[in-house]
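# Examining the three-dimensional arrangement
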Amino acid sequence: MSDSSPLPPVRLHPEAELARAALSTPLLTRAALLARWAGPETRVDAGGGLVEEQLPAAAELLGLSGDDAAAHASEAWRVAVDAGLVEIVDEEAGTVRAGEELKLLTGGSPADVLAVWLTALETVVADASVPDLDDLVGALDEGGEIDFSSLDWDPEAEAAFLDGVLGNLYLLTVSEDGPGEGPVPLPALAASMIVPDDMGEPTNDVLEQVSDAMMRLDDQFRVLEPVGLVEYQPVDEALMADAEEEPAASLDDTDVARYGMVRLTPLGAYGLRARLLEAGFQAPAVGELADKGADALFDGTAAFGRTAARAETEQWLDRREPLAAARELLAAARGADAGAPLRRLRCQQALSLIGAEAEPALREVLDDPELGGLARVWLSERGAAGVPAPSEELVFWLTIDTVAAQLAAEGNSEELQALVEGLAAQHSGFFSAAWRVEHPATADVLEAMGRLHPDKKVAKEARKAAFKARSQYGA
């Protein structure tokens, strides 16, 4: 995942809702309980962890039982310390008191609560990259230090792997063609880190690596679920008992679920976006452009999918009076630069969300060479009276502009291919006229039509027209 180009925008839930979700997560709830329980008699070791003698009492307070009770209590305490819910008063004596951040959980703003939760999240993500405690104990050398060479574990590589997995889970969740807030099969998530994009049928070696990665992720998502980052359905215990069994190349829904399913929660989307921003990624959120100008709206949504662009535009329009908004959109849509066709497409999409109040603005640009075509379309679609018929020159100009915008928005999509086929079929002699259109994108559009049209004869006509356009205008 590159940090140079923006990720798809995420639709974040309201901060108040996210803060309530954070406060209700098992791990933060436990950490807060321990912070309120801590007092003058509470003692910690040199690392800030609860001394072993106090773990049973802490586990009992949290209602934990079983073999893992002490470990879960210790984890909750560590989160309390790292998140500032508990403050170590005297390191030498090992005494503690409630931290200043504890007050924020009850008296702070939603942003304050989420800041505490984000700190807790960092602690848990770091813990999820650490091997099983028994493995670490077995790797202690004579001096009590961990001998990493005896472990099949590289701390930096393991942290990078988990970051990559979480990044891919975020990308799958926010992408328009992804599952949204639905679950992602664990095999697919593991494969996204292991299987090369250009690999056809995975080899046995690659499938074995995917299986190993799944087992690692199964442990890690079990750790990450209590902090509210994900909802996780673990790998079926029966499959784990047979370590040799690998995911089949083709599975039905029931089989896939047995290999684990993970869903990024709304709180998790907020948390991963914060981590991505901290790491230098461009991770936009829907609504960030609502208070900016129309030029910023068009630039910001240029890389958005259709659904996300509409959601962003709706929020932008909600803050403006319809007629003023229409005039601002039209003014920002002008231009002969490479990005202008897509701006006009975004403008047309935005204007479709405005009612009859926008009509005066559209009538004002009927004679504009760049905006007159889309103005006629808007007015005609609403049955407005007195709309002048477009000249043939304007029709062809608008056609080139529209195809150029679709190319910029979606690339060589099936929808664009259908548009290209329709244009060539509906207008006999289309290419003999199109190459003469004085539009900066004429040659590029005709080349794309030659590339996309399935009929070899038509495609050749388009390429010839593109050559003529380049010769005519020196493009």
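Below is a short write-up of the structure. Residue positions are given per chain, counting from 1 as you read along its sequence in written order. Residue-level local features of this predicted model are given only where pLDDT is at least 70; pairs of side-chain atoms are given and counted only at 80 or more, and the full residue set underlies all totals for whole chains, interfaces and linings. For side-chain calculations, the full set of non-hydrogen atoms in the structure is used, while hydrogens and water are omitted.

### Things to note about the overall build of the chain
Comment: elements are numbered from the N terminus, with helices defined as DSSP H or I runs of at least four residues and strands as E runs of at least two. Each helix and strand counted, the chain has 24 helices and five strands in total. The C-alpha radius of gyration computed for the chain amounts to 29 Å, which surpasses the reference 23 Å derived for 475 residues by more than 25%, pointing to a less compact arrangement than a globule. Across its three principal directions, the C-alpha atoms of the chain cover 90 × 55 × 40 Å. Should any heavy atoms of two residues lie within 4.5 Å, those residues are counted as being in contact. Long-range contacts, defined as pairs at least 24 residues apart, comprise 65% of the intrachain contacts of the chain with a sequence gap of at least 6. His is not counted, nor are the chain ends, whereas Lys and Arg count as positive and Asp and Glu as negative. Lys charges are placed at NZ, Arg charges at CZ, Asp charges at CG and Glu charges at CD. Between the averaged position of the 36 positive side-chain charges in the chain and that of its 85 negative side-chain charges there is a distance of 15 Å. In this setup the radius of gyration rests on C-alpha atoms only. A globule is expected at 2.2 Å times the number of residues raised to 0.38.

### A look at empty space enclosed by the protein
Here a cavity is any set of points on a 1 Å grid over the protein atoms alone where a 1.4 Å probe fits but cannot get out, and a pocket is any open set with protein on both sides within 12 Å along at least 5 of 7 lines; a residue lines the site when it has an atom within 4 Å of a point. Grid points are joined across faces, edges and corners, and a volume is the space filled by probe spheres set on the points. Under the criterion given, the structure shown has one cavity of 30 Å³ or more. Its volume calculated, the largest cavity comes out at about 60 Å³. Taken together, P341, R344, L345, Q348, L374, L398, D401, T402 and A405 make up the lining of the largest cavity. Here the residues of the lining of the largest cavity are counted per class, giving five nonpolar, two polar and two charged. For this scheme, ten residues count as nonpolar: Ala, Val, Leu, Ile, Met, Phe, Trp, Tyr, Cys and Pro. Four count as charged, namely Asp, Glu, Lys and Arg, and the remainder, Gly too, count as polar.

### Thoughts on helix α8 (residues 155-174)
Since the α-helix advances by 3.6 residues per turn, residues separated by three or four positions end up pointing in the same direction. The terminal C-alpha atoms of α8 lie 29 Å apart, and with 20 residues this matches the ideal 28 Å at 1.5 Å per residue to within 8%. Looking at α8, one finds that the buried residues are E158, F161, L162, V165, L166, G167, N168, L169, Y170, T173 and V174. For a helix, the expected span equals 1.5 Å multiplied by the residue count minus one. Relative accessibility thresholds used throughout: buried, under 20% of the residue-type maximum; exposed, over 50%; partly exposed, between the two (1.4 Å probe, protein chains only).

### Here's the deal with a positive patch on the surface
Candidate patch residues must exceed 30% relative accessible area and have no salt bridge, after which like charges are joined if within 9 Å and Val, Leu, Ile, Met, Phe, Trp or Tyr side chains if within 5 Å. A 1.4 Å probe and the Shrake-Rupley method give the accessible areas. Residues count as covered only by the protein chains that appear here. Definition used for salt bridges: Asp or Glu carboxyl oxygen within 4 Å of a side-chain nitrogen of Lys or Arg. Positive charge collects at one region of the surface, where R436, K460, R463, K464 and K468 lie side by side. Note on placement: K464 falls in helix α24 (residues 456-473).

### Remarks on the layout of surface pockets
Taken as a whole, the second largest pocket spans an internal volume of roughly 420 Å³. Lining the second largest pocket are 23 residues, and of these P9, T173, V174, S175 and E176 sit closest to its centre. Broken down by secondary-structure element, the contributors of at least two residues to the lining of the second largest pocket are α8, α13 (266-278) and α15 (306-318).

### Considering the side chain of R273
Counting through the fold element by element, R273 comes out in helix α13. Under the relative-accessibility criterion, R273 is labelled buried at 12%. Here the side chain of R273 touches A283 through a polar contact of 2.6 Å, landing on its backbone oxygen. In contact with R273, not counting residues within four places along its chain, are V10, L12, Y170, A283, P284, A285 and E288. Identification of polar contacts relies on pairs of N or O atoms within 3.5 Å, with a donor-acceptor requirement for protein atoms, meaning one able to donate a hydrogen and the other able to accept it, and with residues adjacent in sequence counted only if both atoms are side-chain atoms.

### Digging into the pattern of salt bridges
In the structure shown here, the tally under the stated rule is 23 salt bridges. With a closest N to O distance of 3.5 Å, K103 and E100 form a salt bridge. Notably, a salt bridge pairs R320 with E328, separated by 4.0 Å at the nearest N-O pair. Assessed through its relative accessible area of 31%, E328 is described here as partly exposed. A single network of salt bridges, built from pairs that share partners, joins E122, D163 and R275.

### With respect to the sheet that holds strand β4 (residues 230-233)
By this definition, two strands are paired if DSSP reports at least two bridges between them. If you trace the three strands from one edge of the open sheet to the other, you get β3-β5-β4, paired in antiparallel fashion. Edge positions in the sheet fall to β3 (184-185) and β4, since each of these pairs with one other strand and no more.

### A word on the packing of aromatic side chains
Working definition: a ring pair exists when centres of Phe, Tyr or Trp rings (six-membered ring for Trp) sit within 6.5 Å. Plane angles under 30 degrees give stacked, over 60 give edge-to-face, the rest tilted. For the structure shown, the criterion picks out three aromatic pairs. Arranged with centres 5.6 Å apart and planes meeting at 40°, the rings of F221 and Y232 form a pair that is tilted. Residue F221 is found in helix α10 (residues 204-224), and its partner Y232 is found in strand β4; the two are separated by 11 residues along the sequence. An identical accessibility class is assigned to F221 and Y232; each is buried. Aromatic side chains F430 and F431 sit 5.3 Å apart centroid to centroid with 85° between the ring planes, which places their arrangement in the edge-to-face category. The pair formed by F430 and F431 is uniform in burial state, with each residue classed as buried. Ring-pair connections join several aromatic residues into one group, and the members of that group are F396, F430 and F431.

### Describing the environment of M214
When you line up the elements, M214 lands in helix α10. For M214, a relative accessible area of 2% translates into the label buried. Each C-alpha atom of the pair M214 and A409 lies 36 Å from the other, and the pair is 195 residues apart in sequence.

### A few points about the packing of α8 against α10
To define axes, lines are fitted to C-alpha atoms, for helices over the stretch in contact only, and angles between the resulting N-to-C directions are given on a 0 to 180 degree scale. For the pair α8 and α10, interaxial distance at closest approach is 12 Å and the crossing angle is 75°. The angle between α8 and α10 falls in the class roughly perpendicular. Judged by residue contacts, E158, F161, L162, V165, L166 and L169 of α8 engage A213, R216, L217, Q220, F221 and L224 from α10. Here the contact of α8 with α10 is composed, by residue class, of nine nonpolar, one polar and two charged. Small angles under 35 degrees read as roughly parallel and large ones over 145 as roughly antiparallel, with 65 to 115 read as roughly perpendicular and the rest as oblique.

### As for the environment of A466
If you trace the backbone, A466 turns up in helix α24. The contact partners of A466, leaving out residues within four places of it in the chain, are A443, L446 and E447.

### Quick look at the pairing of strand β2 (residues 95-98)
Consecutive side chains along a regular strand alternate between the two faces of the sheet. As paired elements, strand β1 (residues 86-90) and β2 share four bridges and run antiparallel to each other. Following the sheet pairing, D90 is matched in β2 by T95. What sits between the antiparallel neighbours β1 and β2 is a turn of four residues, in which G94 has the positive phi angle 75°.

Interpretation note: all reported values are geometric properties and have no functional meaning in isolation.
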